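Residue-level structure breakdown
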Amino acid sequence: MEFPPSSHPCATPTWVGTTVTAAVAWSHVDRGPTGVSKHHDVVVVGGGIIGLAIAWRSAQSGRHVAVVDPDPGKGATWAAAGMLAPVSEAHFGEEVLAALNLAAAAAWPDFAAQLQASSGMAVHFRPDGTLLVAGDPSDRVDIDRTLAFHLAIGLPAFRLGARSCREAEPMLAPGISGGVDLPEDHQVDNRAVATALIEACRVAEVTMVADRVLRVDVGAQLDHGLRVQGVSLAIGDALAAQSVVISAGSRSGEVEGLPGACRPPVRPVHGVTVRLQARHGVPRLRRTVRALVHGRSCYLVPRDDGGLVLGATMEERGSTLDVPFGGLAELLSDARRIVPALDEYSVIELAPGLRPGSPDNGPIVGTTAVHGLLLATGHFRNGVLLAPATADEVVGLLDARDDRTTVRPSPFDAFRPVRFAEWEPQG
Ligand SMILES: Cc1cc2nc3c(=O)[nH]c(=O)nc-3n(C[C@H](O)[C@H](O)[C@H](O)COP(=O)(O)OP(=O)(O)OC[C@H]3O[C@@H](n4cnc5c(N)ncnc54)[C@H](O)[C@@H]3O)c2cc1C
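As the structure is a computational prediction, the values presented were derived from the model and not from experiment.

1. Points about the overall build of the protein
- Each helix and strand counted, the protein has nine helices and 18 strands in total.
- Relative to its 427 residues, the protein shows a buried fraction of 48%.
- Restricting the contact set of the protein to residue pairs at least 6 apart, pairs at least 24 apart contribute 74%.

Below, the structure written as structure tokens:
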């Protein structure tokens, strides 16, 4: 077996043992009869799950939309496990983010149904809950502390003894020290979602541009400060637009032309998932299992086709997509301790990706000081969970700007770009 080689920062992940086929062809710059690039209502920079969801929803709202991305759906979106986990991802000190995540989770059933109807493709949304288990008694203490926090802020979580955990999930090791039932933490096949979004965008006549945005073009307007004019592409073309949405994941801060106060302070946070496949006759997990093992987190997300996504490492390593041996070895050993039957599974693929992390771990979604320029990035560990809500939020902001609606209070209010307007990198 061959593992992914070192990658240039601009490279997309390399996969092992799997041929990645785009379901839908990605076109080149869409031009009008004069050869001049057409004007769009909205240009979306970056076609990960966030940008694609925004493009699809914006096109549904009647707008003429373009997405620019050299390799759509293949960033962090492709590496992710697809957990929709507002409860198990709720951490001390992040209560406001937990409220946003919970609201975002509620949008998933409708979003999945509409996406399937629009694309004709299954996305495998599975509302079957999650089991969080403790590897040993000291992990049990940590999990109980987290459970108390979850209950204190009103999140649905129920303590289980070791026997109840094993009744719910017979593949768990006999040595586990109990756990917690999280009935509202679900999952979706994130790769199927990305593929379906590309198809739904095609159906909704979104222009798809297989290129990289070099620069956002901004101009001054009399008495009204700065206004976005469009984007310039690496191949030398330009796309004019009424609005530009930056959703380039961990690279969102690198797009040129953004005035300093509008540049999102996102950084890449490296993570790897391991794709496994159950051999014929080997038992399968019934639902997502998360675990704490010697204080380290891991998770196992079963897919409908017998696949299993094991994750994830989390390290600050800059933009490299190398897979470090140490983190991977710990992950494999922790998972095997919780589910010993993993020995009977085949390793199909290692999927490294870069989470777009922000200084406070919250997303960065909203308008900026430049008229027509919006940010939708920084979704860190929860971009799949937050994609439908982010898309609705961005369309709501576009509607308000176009006087179709008024701005209403939103769970994204605490996560606007303006909170970082004066932000300076530390150290
Ligand atoms: C290992 C791992 C596991 C994860 N598991 C989960 C999970 O279970 N649940 C969950 O909710 N979240 C999970 N996440 C987080 C989630 O994957 C991210 O938050 C989400 O994918 C962010 O989506 P995005 O569209 O902003 O970024 P990406 O998916 O990274 O997409 C950004 C896109 O922008 C494009 N781009 C970059 N620069 C430019 C440019 N200049 N011009 C044009 N295009 C550009 C890239 O090609 C890329 O396609 C996980 C992440 C990782 C790495």
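Structure shown, so let's carry the discussion forward.
2. Considering the site of the ligand
- The local shell around the ligand holds 45 residues, among which G46, G48, G75, G249 and G383 are the closest.
- Listing elements by their share of the shell around the ligand, those giving two or more residues are α1 (49-60), α2 (76-79), β12 (267-278), β16 (345-357) and α9 (383-401).
- Across the shell around the ligand, the residue classes tally to 20 nonpolar, 18 polar and seven charged.

3. Description of unusual backbone geometry
- Residue A312 follows G311 across a cis peptide bond; omega there is -25°.
- Even without a glycine there, the phi angle at H124 is positive, about 55°.
- Residues other than glycine seldom take positive phi values, yet F380 does so here, at roughly 50°.
- The topology assignment puts F380 in the loop between β18 (373-377) and α9.
- A residue is classified by how many C-beta atoms lie within 10 Å of it, and F380, with 22 of them, is buried.

4. Quick look at the sheet that holds strand β13 (residues 288-293)
- Reading across the sheet, the eight strands line up as β5-β6-β4-β13-β14-β15-β12-β16 and stay open at both edges, with mixed pairing between neighbours. Sheet topology places β5 (158-160) and β16 at the edges, where each strand pairs with a single neighbour. The sheet shows a mean angle of 20° between the axes of neighbouring strands, direction not considered.

5. What to know about the nonpolar core
- Formed by 124 residues in total, the largest nonpolar core has its most connected members in V45, L197 and C201.
- The element best represented in this core is α9, accounting for 10 residues.
- When neighbours within four sequence positions are excluded, L197 is seen to be in contact with I49, L52, A53, W56 and L115.

6. Thoughts on helix α8 (residues 325-338)
- A rise of 1.5 Å per residue sets the reference length of α8, with its 14 residues, at 20 Å; its end C-alpha atoms lie 20 Å apart and thus fit the reference within 8%.
- Looking at the buried residues of α8, the elements they touch are β4 (130-134), β12, β13, β14 (296-302) and β15 (307-311).

7. Focus: the environment of V180
- Here V180 lies in strand β6 (residues 179-182).
- Residues V180 and L147, 33 residues apart in the sequence, show an inter-C-alpha distance of 7.6 Å.

8. Here we look at α1
- For α1, which comprises 12 residues, the first-to-last C-alpha distance of 16 Å matches the rise-based estimate of 16 Å (1.5 Å per residue) to within 8%.
- Among the 12 residues of α1, 11 are classified as buried, and the element is accordingly described as predominantly covered.
- Listing the buried residues of α1 in full gives I49, I50, G51, L52, A53, I54, A55, W56, R57, S58 and A59.
- Looking one or two residues beyond α1, the residue adopting positive phi is G62, at roughly 95°.

9. Considering the packing of helix α4 (residues 108-119) against helix α7 (residues 190-203)
- Close contact between α4 and α7 brings their axes to 8 Å; oriented N to C, the two are set at 55°. The pairing of α4 with α7 is recorded here as oblique in orientation. In terms of crossing hand, the pair formed by α4 and α7 is left-handed. Along the contact surface, α4 presents L115, Q116, S118 and S119, while α7 presents V193, A196, L197, E199, A200 and V203.

10. Examining the pairing of strand β1 (residues 39-45)
- The buried fraction of β1 is high, at five of seven residues.
- In this sheet, strand β11 (residues 238-246) lies alongside β1 in parallel orientation, the contact comprising six bridges. Within the sheet, the bridge partner assigned to V45 lies in β11 and is I246.
- Sheet topology places β1 next to strand β2 (residues 65-68); four bridges connect them, and they run parallel. Looking across to β2, one finds that V42 is bridged to V65.
- A crossover connection joins β1 to the parallel β2 through α1; in handedness this β-α-β unit is right-handed.

Procedures and definitions
- Residues numbered from 1 in each chain as written.
- Predicted model: local features only at pLDDT ≥ 70, side-chain atom pairs only at ≥ 80, totals over all residues.
- Helix = DSSP H or I, 4+ residues; strand = E, 2+ residues; numbered from the N terminus.
- Buried ≥ 20, exposed ≤ 12 C-beta atoms within 10 Å, placed from the backbone.
- Contact = placed C-beta atoms within 7 Å.
- Near = placed C-beta within 6 Å.
- Nonpolar A, V, L, I, M, F, W, Y, C, P; charged D, E, K, R; others polar.
- Pairing = 2+ DSSP bridges.
- Axes fitted to C-alpha atoms, helices over the stretch in contact; angles between N-to-C directions.
- Core = buried A, V, L, I, M, F, W, Y, C linked by C-beta atoms within 7 Å.
- Expected span 1.5 Å × (residues − 1).
- Parallel < 35°, antiparallel > 145°, perpendicular 65-115°, else oblique.
- Left-handed = near helix turned anticlockwise from the far one by under 90°.
- Right-handed = clockwise from strand over helix to strand, strands pointing away.

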